Amino acid sequence: MPGTGHLDMPGPPAPATPPEPTVNILQMEGPTTDPTCQPWPGPPPQPDIPAPSSRRVTWTGKYKFLLSCVGYCVGLGNIWRFPYLCYRNGGGVFLIPYFIMSLIMGLPLFLMELSLGQYGAAGPITIWNCCPLLKGIGIAMLITSSLVSLYYNVIIAWAFYYLGSSFQSPLPWSCDAPGNAYLCQNASGIVSWVSASEVFWNEQVLGVMHSSGLGDPGAVQWPLALCLLAAWIIVFFCTLKGIHSSGKMVYVTATFPYLVILTLVIWGATLDGSLDGVRFYLSLDWSRLQSAQVWSDAASQIFYSLCIGFGGLVSMASYNEFDNNVIQNTLVITIGNCCTSFFAGFAIFSVLGHMAWRNQVPVGSVTDSGPGLMFVAYPEALSLLPISPLWSVLFFLTLFTLGADTLFGNIKGITRAILDEFPALDNQRKKAALLGALCTSFYLLGLPLVTQGGIFWFTLIDKYSTGFGLITISLFMCLGITFCYGVNQFCQDIMDMIRQYPPWCKHMLGYFKACWAFFTPCLLLFVLVCTCLDMHHMPLHHGTYEYPTWGTNLGICMGILTCLQVPLWAIMALCRESGTLRNRFQKAIQPLHSWRAAAGRNMDGVVIVWHSPSP
């Protein structure tokens, strides 16, 4: 459990009193001789308000933290986005850039966020006390996480709607339903181009047939509005008591999807045509590696699947014990996440292969991207299975648990950021009021997304809120830690936390150091350029609807709003200092006292005293 360290504020020296020795945080008693554990080098840290003396809550077990991170990272993108990107970018050959991006970009950035949160014991905004010049990164994380939470729960509301509709036999989107016979076969016996599941999705669920586009939202789909309300009520009560309530939930929400996916893989392997689907999933087209789009898609999938740049990882890691092995956690979570994406592809494409075999069409013609894959292709595939209502209930319950875990992490990140900045709100009653206000606000702001034209706004926010904004946040974070805070000092902080580390940890840290200093920023810059070029040359579409110029510009403004936070808050940090521009910059990159005081958390009662070096 975190404790309170004593902080020695700089002031006029007392001539008759010798300086108090610095305590080594890696050693319980005796003088320190290790040069790597000497006091903070460089100019003295900036004074600020001392950290509160209250003990910070921590995870009651390491497995709760691991399961929470797995549940947060393994989300809907692992089910629908990864298999589709494999299909669109040459099948199994897409795994090559995907795993390269994981090693060079995903692993280092994931470790950076976990280490920042665990060392500083604060949320995504206050954590930048390590370098006040970069506080805008935390604000940008907060904005991005809020935009994602706004539309992400709409997906959960759709899953709720389908889950409730699954308790019917036959399923209302199947050809066996009373009103769907004309959709599946006309008088001539020719299969129609419009499937029953597509009609159910567009007309009964979305009502999009009654809207002409962004400027014509239409009426609210009240069944969806009620599902959205139920989703936010569940989020409120599951996150009300902080990590204690959500930590217990993850035992179910983080493990249940794996059980269902495993069941679908086993069952899918017994279906006729499943091998065609798996063969399609793993097909190789080596020429696709020459396309920049393949590498850009692989990078974007890493951000989606590992939840990098949202602030949730920082918040969850802030509840860790100080000596938790973050390198080991990073390897377990990221490797498990990538394997989950790969394994889920077999479950999906085996079923889609069976659907293609039943309809006598190529496998490629039954796949789609985004919500269309989850709520059109999958329901149709499920309706072809024996005991289809049971499989449908399991599938959409899995979608709910996957989405809910990710949303729990986002909401915890947002509330932690606000409570750290406004400590007066950090009591049970005010915290509940804050959480209630957040959930109510997100629900009201999300109502336009469940109107008849809400899918157009959903697609717009989904495209631009997490595109180049996330890449920009991660680029600034990597450059800031490397060149402002200091990559050597950051590596030393990690080793100070681990304390009793095996030799392989030190070797791994050398690899991460090389990535942070060179490889990861270069790769992020390349991906950022590719993403901007893609946005410029490929206008946004939803089906046959092409977004107007004003809608595209609005989406770009959402992304720019996120990116602008970093330079704006940097300018504010420079204006608060005095002296020449160079002096202001030097002062603005020095850690505040509360950052170094955070390192004095519970280390078997050791009190940490930080001194500025003698002149």
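This one's a predicted model, so the numbers in the text were calculated from it and none came from an experiment. (Residues numbered from 1 in each chain as written. Predicted model: local features only at pLDDT ≥ 70, side-chain atom pairs only at ≥ 80, totals over all residues. Heavy atoms only, no water.)

## Details of the overall build of the protein
For the protein, the count of helices and strands is 22 helices and two strands. For the protein, with 615 residues in total, the buried portion stands at 58%. Across the protein, contacts joining residues at least 24 apart in sequence account for 84% of those joining residues at least 6 apart. With an accessible surface of roughly 25,800 Å², the protein has 67% of that area assigned to carbon and sulfur atoms. (Helix = DSSP H or I, 4+ residues; strand = E, 2+ residues; numbered from the N terminus. Buried < 20%, exposed > 50% of the residue type's maximum accessible area, 1.4 Å probe, protein only. Contact = heavy atoms within 4.5 Å. Areas by Shrake-Rupley, 256 points an atom, 1.4 Å probe, with all protein chains shown as cover.)

## Quick notes on unusual backbone geometry
Residue S169 is joined to P170 through a cis peptide bond whose omega torsion reads 5 degrees. Here P170 shows up in the loop between α4 (135-165) and α5 (181-184). For C307, which is not glycine, the phi torsion reads 55 degrees and is therefore positive. One can find C307 in the loop between α11 (292-306) and α12 (312-317).

## A short note on the packing of helix α18 (residues 468-498) against helix α19 (residues 503-537)
One way to put it is that α18 packs onto α19 with a least axis distance of 9 Å and a crossing angle of 170 degrees. Viewed along their axes, α18 and α19 adopt a mutual orientation that is roughly antiparallel. The residue makeup of the contact of α18 with α19, split by class, is 20 nonpolar, six polar and one charged. (Axes fitted to C-alpha atoms, helices over the stretch in contact; angles between N-to-C directions. Parallel < 35°, antiparallel > 145°, perpendicular 65-115°, else oblique. Nonpolar A, V, L, I, M, F, W, Y, C, P; charged D, E, K, R; others polar.)

## What about the pattern of salt bridges?
Using the criterion set out here, one finds six salt bridges in the structure. Salt-bridge contacts for E421 lead to K135; the nearest nitrogen and oxygen are separated by 3.3 Å. Separated by 286 residues along the polypeptide, E421 in helix α15 (residues 388-421) and K135 in helix α4 bring together distant segments of the chain. Classification of K135 by relative accessible area gives partly exposed; the value is 22%. Across the pair D426 and R416 runs a salt bridge, and its minimum N-O distance is 3.4 Å. In this pair, D426 is assigned in the loop between α15 and α16 (428-446) and R416 in helix α15, connecting sequence segments ten residues apart. By relative accessible area, which is 37% here, D426 ends up partly exposed. (Salt bridge = Lys/Arg side-chain N within 4 Å of Asp/Glu carboxyl O.)

## A short note on the confidence of the model for the protein
In regions of low pLDDT, the predicted coordinates are not meant to be interpreted in detail. With 84% of its residues at a pLDDT of 70 or more, the protein shows a mean pLDDT of 81. This model gives residues 1-43 a pLDDT under 50, and the stretch forms 72 contacts once residues within four places in sequence are excluded. (pLDDT = per-residue confidence, 0-100.)

## Overview of the packing of aromatic side chains
Per the stated rule, a full pass over the model turns up 42 aromatic pairs. Arranged with centres 5.1 Å apart and planes meeting at 80 degrees, the rings of F236 and F237 form a pair that is edge-to-face. Taking 5.1 Å as the distance between ring centres and 90 degrees as the angle between the ring planes, the aromatic pair formed by F342 and F346 counts as edge-to-face. Note that F342 and F346 are positioned in helix α13 (residues 326-359) at a spacing of four residues, about one turn of the helix. (Phe/Tyr/Trp six-rings, centres within 6.5 Å; stacked < 30°, edge-to-face > 60°.)

## Comments concerning the nonpolar core
As a rule of thumb, nonpolar side chains are buried together in soluble globular proteins. With 182 residues, the main nonpolar core has L116, W158 and W516 as its most contacted residues. Once residues within four sequence positions are removed from consideration, L116 is found in contact with A121, I127, W128, C130, M477, I481, F490 and W595. (Core = buried A, V, L, I, M, F, W, Y, C linked by side-chain atoms within 4.5 Å.)

## Quick notes on the packing of α4 against helix α7 (residues 222-239)
Any two packed helices are characterised by the angle at which their axes cross and by the distance between the axes. Between α4 and α7, whose axes approach to 8 Å, the crossing angle comes to 115 degrees. Considering the angle they form, α4 stands roughly perpendicular to α7. Considering only the axes of α4 and α7, their crossing is right-handed. For the pair formed by α4 and α7, the contact residues are S149, N153, V154, I156, A157, W158, F160 and Y161 on the first element and P223, L224, C227, L228, A230, A231, W232, I234 and V235 on the second. (Left-handed = near helix turned anticlockwise from the far one by under 90°.)

## Thoughts on the side chain of S465
Within the element layout of this structure, S465 appears in helix α17 (residues 454-465). A polar contact is formed between the side chain of S465 and the backbone oxygen of I461, at a distance of 2.5 Å. The contacts of S465, once residues within four sequence positions are left out, are T144, L147 and Y151. (Polar contact = N/O pair within 3.5 Å; in protein donor to acceptor, adjacent residues only side chain to side chain.)

## Points about the environment of C131
Position of C131 relative to the elements: it lies in the loop between α3 (95-120) and α4. Between the C-alpha atoms of C131 and I481, which are 350 residues apart in sequence, the distance is 8.2 Å. Excluding residues that lie within four positions of it along the chain, C131 makes contacts with C484, A588 and I589.

## Observations regarding α11
With 15 residues, α11 should reach 21 Å at 1.5 Å per residue; the first-to-last C-alpha distance of 21 Å fits that figure. When you tally the buried positions in α11, you get eleven out of 15 residues, the bulk of the element. Along α11, the positions that sit buried rather than exposed are V294, S296, D297, A298, A299, S300, Q301, I302, F303, S305 and L306. Phi for C307, located one or two positions after α11, is positive at around 55 degrees. (Expected span 1.5 Å × (residues − 1).)

## Structural notes on helix α10 (residues 274-281)
Among all positions of α10, only S274, G277 and Y281 are buried. In a view along the axis of α10, the buried residues occupy a sector of 65 degrees, so they form one face of it. Among the exposed residues of α10, those oriented more than 90 degrees off its buried face are L275 and R279. At its buried positions, α10 is contacted by α2 (76-88), α9 (256-269) and α13. (Arc of directions from axis to C-beta.)

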